[in-house]
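Remarks on the overall topology
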Amino acid sequence: QQQVKQSPQSLIVQKGGISIINCAYENTAFDYFPWYQQFPGKGPALLIAIRPDVSEKKEGRFTISFNKSAKQFSLHIMDSQPGDSATYFCAATPSGGYQKVTFGTGTKLQVIP
Amino acid sequence: ETGVTQSPTHLIKTRGQQVTLRCSSQSGHNTVSWYQQALGQGPQFIFQYYREEENGRGNFPPRFSGLQFPNYSSELNVNALELDDSALYLCASSGGQGLNEKLFFGSGTQLSVL
């Protein structure tokens, strides 16, 4: 059962362009929404995260947009660089108890010069 | 400050065998989680240990078990290996169980079951 749906599966963007990855969720108990970046041969690394009481969060070139009523959130990478080429996972964690992170299926981003 | 280290990096086993994977958490972290990442998929939560106690478990059968030691390092044990157990096994540590606690992942153990 996939609780966090992610699209697209793969994305090719030119250097300097904007990369956009979208995610949707059903479980209203989710209360924390991180994005992870994973390079080949490495574990995921936290990129940026948002709580549902905020509609947007920006850190450098990375921005999360969050729509609580639609249960959707997205990652925007501005001025995409070849070094951003990696797989990106959206994720969600419910409130209370332990930290069980539910990941999306991933988006493989390739930024071409 | 050392990061999360996992061993071994690669492992090949035969169906029906048992395997133990090891994880050293980041210095100062008392919480360890294990995830299974199949090829081309996102990681799936197996379980979490907090101060040597399992305090959360995902949808995995009992043949997946674990331990956390007093130094907060951890083991993942899988019995009666099946072909579908072939995956990258990731360990993540954090400074607590809180929602906002940042997870630090190791590079994983690639398990192949033949």
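Structure first, text after, so check above.
Residues numbered from 1 in each chain as written. Chains lettered and ligands numbered in written order. Predicted model: local features only at pLDDT ≥ 70, side-chain atom pairs only at ≥ 80, totals over all residues. Heavy atoms only, no water.

A short note on the state of the cysteines
Here a disulfide denotes one covalent bond, and it connects the sulfur atoms of two cysteines. Scanning the entire structure with this criterion turns up two disulfides over all chains. Note on cysteine connectivity: C23(A) is disulfide-linked to C90(A), with sulfurs 1.9 Å apart. Judged by the sign of its S-S torsion, about -95 degrees, the bond between C23(A) and C90(A) is left-handed. Highlighted residues: C23(A) in strand β3 (residues 19–25) and C90(A) in strand β9 (residues 86–94), separated in sequence by 67 residues. No difference in accessibility class separates C23(A) from C90(A), as the two residues are buried. Residue pairing for C23(B): its cysteine sulfur links by disulfide to C91(B), the two sulfurs lying 1.8 Å apart. Taking the torsion about the sulfur-sulfur bond, which here is approximately -60 degrees, the covalent link between C23(B) and C91(B) counts as left-handed. With a gap of 68 residues between them, C23(B) in strand β3 (residues 19–24) and C91(B) in strand β9 (residues 87–94) connect regions that are remote in the sequence. Residue C23(B) is classed as buried on the basis of its relative accessible area, which comes to 2%. (Disulfide = S-S within 2.5 Å. Helix = DSSP H or I, 4+ residues; strand = E, 2+ residues; numbered from the N terminus. Buried < 20%, exposed > 50% of the residue type's maximum accessible area, 1.4 Å probe, protein only.)

A look at the sheet that holds strand β8 (residues 74–78) of chain B
Residues and elements named next belong to chain B. Across the sheet, which stays open at both edges, the four strands sit in the order β1-β3-β8-β7 with antiparallel pairing between neighbours. Every interior strand has two partners, whereas the edge strands, β1 (5–7) and β7 (64–68), have only one. Pairs of neighbouring strands in the sheet enclose a mean axial angle of 20 degrees, with direction left out of account. Bridge analysis of β3 against β8 gives five bridges, and the strand direction is antiparallel. Across the sheet, R22 pairs through a bridge with E75, a residue of β8. (Pairing = 2+ DSSP bridges. Axes fitted to C-alpha atoms, helices over the stretch in contact; angles between N-to-C directions.)

Some remarks on the interface of chain B and chain A
Taken together, the contact pairs 24 residues of chain B with 22 residues of chain A. Between chain B and chain A, the buried area comes to about 1,800 Å², and carbon and sulfur atoms account for 55% of it. For the pair chain B and chain A, the number of links is zero salt bridges. Contributing elements (two or more residues each) for the side of chain B that touches chain A: β4 (31–37), β5 (44–50), β6 (53–57) and β9 of chain B. A total of three residues in the side of chain B that touches chain A trace back to one element, the largest contributor, which is β6(B). (Contact = heavy atoms within 4.5 Å. Buried area = accessible area lost by both parts, 1.4 Å probe. Salt bridge = Lys/Arg side-chain N within 4 Å of Asp/Glu carboxyl O.)

Side note on the sheet that holds strand β1 (residues 4–7) of chain A
Residue and element names in this part refer to chain A. Taken together, the five strands give an open sheet; going across it, the order is β1-β3-β8-β7-β6, and neighbouring strands pair in antiparallel fashion. Each edge of the open sheet carries a strand with a single partner, namely β1 and β6 (56–59). Within the sheet, the average angular offset between the axes of one strand and its neighbour, ignoring direction, is 15 degrees. Sheet topology places β1 next to β3; four bridges connect them, and they run antiparallel. Paired with Q6 across the strands is C23, a residue of β3.

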